[in-house]
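# Overview (structure and organization)
Residue-level listing of the chains:
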Amino acid sequence: MKPFLAHPFDSDRLHEECGIFGAIGVADASNFVALGLHALQHRGQEAGGIVAHDPESGFNSAHRFGYVRDNFTKAEVMATLPGPLAIGHVRYSTAGTKAATAIRDVQPFFGEFHMGGCAIAHNGNITNAAALRRELIERGSIFQSSSDSECIIHLMARSIQRNIPERMKDALRRIEGAFSVIAMTRTKLIGVRDPLGVRPLVLGKVGDDGFVLASETCALDIIGAEFIREIEPGEMVVISRGEVESSRPFGPSKGRFCIFEHVYFSRPDSIIGGRSVYETRRQIGVELAREAPIEADLVCPVPDSGTPAAIGFAQESGIPYGMGIIRNQYMGRTFIEPTEQIRNMGVRLKLNVNRSLIAGKRVVLVDDSVVRGTTSRKIKDMILDAGAAEVHFRIASPPTAWPCFYGVDTPDRDKLLAANMTPEEMRDWIGVNSLAFVSLDGLYRAVGEAQGRNNACPQYCDACFSGDYPVAPFDQLERGFRMKAGSETAMNEAAE
């Protein structure tokens, strides 16, 4: 077995992708966008940006590092973004320069064409971006950022179509991978999902003539918008003058939505596919209790993402539920690490054990996932230090054994614990009395697929668990990534 070492402050999570939001037909649309981005902050805390259009002053933009609350709640900033049309983006870098983001990498991106300007915000990852970038540079394009999303603007610039929506269709037909895109012209708000619908996008209505597009329904709630529907896989909507026009630029397609949105990424108060994310996560806990029962005294969530599954596990198993671990809500992601002593405290700065509840008990810890396993080991140590008699881990997702190339920042495969160890070896390495993951079929049942996973034609993208990639990660294959045997044949058959 390979040793797994990580910095004590590594989050040991699959990091959020990005959040996008757009509004049209409302006064001061940028204020609506700022509120929507605040609701989507869990999808990206690195940076954010807003572009707005006003008939008198034209396009205006603001891009900032950090949280929405620290940048887009200031009157002097919002006053620079007037107009009835705006889009925004919160970023966690999944492509481009990580850990050294430049302000030029922060979306939305803007391009000026002879028929007018266009700004775009993209959630997802373009799996052939490197090849497209080489081709575009050879043909004279000059890139300003390291982001894969900038390829869309350059491809639009080379299209011969006469209007921006048609140019966008041309550009997106060249792109592989996952994309939910919100774009704006001087008069139109545009939303598009890739043919597989890997990343989410929803449509809402606000006021008499206003419409909004957002990554999740929770962003509609914050502005009091009415949820209309999800944008369908492979669909483009163009909104102007209070009307929504729909088209299918990619032809018929069958969706493969990211199943990890149900497990972790989406906020629990969002609705996906007509299902409450909270209820789905609670049901995962129910499936876990059925698949991996255990005799214990207490069920505790690893906060906060493990909470709904822990509630479901406790309800199904009959084991009492308790908040055995308390999260420090004020630490944030920008905590200063001034000394080696402080750094070595690791997760203790984020989490603290409720000793009076834990002492002497057989504890079931429920978490959403195990990535590197380093945080799991630290939490186990904290629980034992508090006097627990036994520690059992139950994980509300199958083993994460494959990296995601569709908009999630995942460690390389050799750093994923499940790619290098059996579940028994993982249990011994983490040092717990037992370890169990929900099965892939159990996860599918929890999201509403009563018969489980259709192995011949999976209903979701579950590549991080199964290694079955719905779209070949072309750039990664060029770099030497090895897919699971038979994957390319399966993808070709699915395409046919």
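By the naming in an unreviewed UniProt entry, the chain is Amidophosphoribosyltransferase, taken from Paracoccus haematequi. Quoted straight from UniProt, the Function (unreviewed entry) entry for the chain says "Catalyzes the formation of phosphoribosylamine from phosphoribosylpyrophosphate (PRPP) and glutamine." According to the UniProt record, the Pathway (unreviewed entry) comment for the chain is "Purine metabolism; IMP biosynthesis via de novo pathway; N(1)-(5-phospho-D-ribosyl)glycinamide from 5-phospho-alpha-D-ribose 1-diphosphate: step 1/2."

Within the chain, the secondary structure is distributed over 19 helices and 23 strands. Relative to its 496 residues, the chain shows a buried fraction of 58%. Of the roughly 20200 Å² of accessible surface on the chain, a fraction of 49% belongs to carbon and sulfur atoms.

The next subject is the pattern of salt bridges. For the coordinates displayed, the defined rule picks out 26 salt bridges. A salt bridge links Arg173 to Asp170; its shortest N-O distance comes to 3.4 Å. Of this pair, Arg173 and Asp170 are both found in helix 6 (residues 164–173), three residues apart, which corresponds to roughly one turn of the helix. Note on Arg173: relative accessible area 45%, which makes it partly exposed. Among the salt bridges present, the one from Arg229 reaches Glu235, with a minimum N-O distance of 2.7 Å. For Arg229, a relative accessible area of 26% gives the class partly exposed. One salt-bridge network, in which partners are shared between bridges, spans Glu287, Arg290, Glu291, Glu316 and Arg445.

For the rest of this paragraph, the subject is the sheet that holds strand 11 (residues 226–230). The strand order across the open sheet built from seven strands is 3-2-4-1-10-9-11, with neighbouring strands paired in antiparallel fashion. Each end of this open sheet is capped by a strand with a single partner; those strands are strand 3 (58–65) and strand 11. Each strand axis lies, on average, 15° off the axis of its neighbour in the sheet, ignoring direction. Across seven bridges, strand 1 (residues 18–24) lies against strand 4 (residues 85–91) in antiparallel orientation. Residue Cys18 lies in a different strand from strand 4, and its bridge partner there is Arg91.

The subject of this paragraph is the UniProt feature "binding site: [4Fe-4S] cluster" (unreviewed entry) in the chain. Per the UniProt record, "binding site: [4Fe-4S] cluster" (unreviewed entry) is annotated on Cys258, Cys404, Cys461 and Cys464. Across 207 residues of sequence, these annotated residues stay compact in space, with a maximum C-alpha separation of 10.1 Å. Among the secondary structure elements, Cys258 is positioned in strand 14 (residues 257–258). Ignoring any residue separated from it by four or fewer positions in sequence, one finds Cys258 in contact with Val198, Arg199, Tyr460 and Cys461. Here Cys464 shows up in helix 17 (residues 463–466). Apart from residues lying up to four places away in sequence, Cys464 is in contact with Phe260, Pro399, Thr400, Ala401 and Trp402.

Okay, the sheet that holds strand 5 (residues 109–113) next. Pairing is antiparallel across the open sheet formed by six strands, whose spatial order is 5-6-7-8-12-13. A single partner strand is all that each edge strand has here, and the edge strands are strand 5 and strand 13 (243–247). With strand direction ignored, the average angle separating the axes of adjacent strands in the sheet is 20°. Packed on one face of the sheet, helix 6 meets strand 5, strand 6 (116–126), strand 7 (177–184), strand 8 (189–193), strand 12 (236–240) and strand 13 and runs near 30° to strand 6.

Criteria and thresholds
Per-chain numbering applies: the sequence of each chain, read as written, is numbered from 1 onward. Given that this is a predicted model, residues contribute local features only at a pLDDT of at least 70 and side-chain atom pairs are listed and counted only at 80 or more, while totals for whole chains, interfaces and linings are drawn from all residues. Computation of side-chain values covers all heavy atoms of the structure but excludes hydrogens and water. UniProt positions are given in the numbering used here, feature names are shortened, and annotations may be inferred rather than shown by experiment. Runs of E in the DSSP output that reach at least two residues are strands. Runs of H or I that reach at least four are helices, and both are numbered from the N terminus. Exposed residues in this analysis have more than 50% of their type's maximum accessible area, buried residues have under 20%, and partly exposed residues fall in between, with area computed by a 1.4 Å probe over protein chains only. For the accessible areas, the method is Shrake-Rupley and the probe is 1.4 Å, while residue cover comes only from the protein chains on display. Any carboxyl oxygen of Asp or Glu within 4 Å of a side-chain nitrogen of Lys or Arg constitutes a salt bridge here. By this definition, two strands are paired if DSSP reports at least two bridges between them. Fitting a line to C-alpha atoms yields each axis, with helices limited to the stretch in contact; the angle taken between N-to-C directions then spans 0 to 180 degrees. In what follows, a contact means two residues having at least one pair of non-hydrogen atoms within 4.5 Å.

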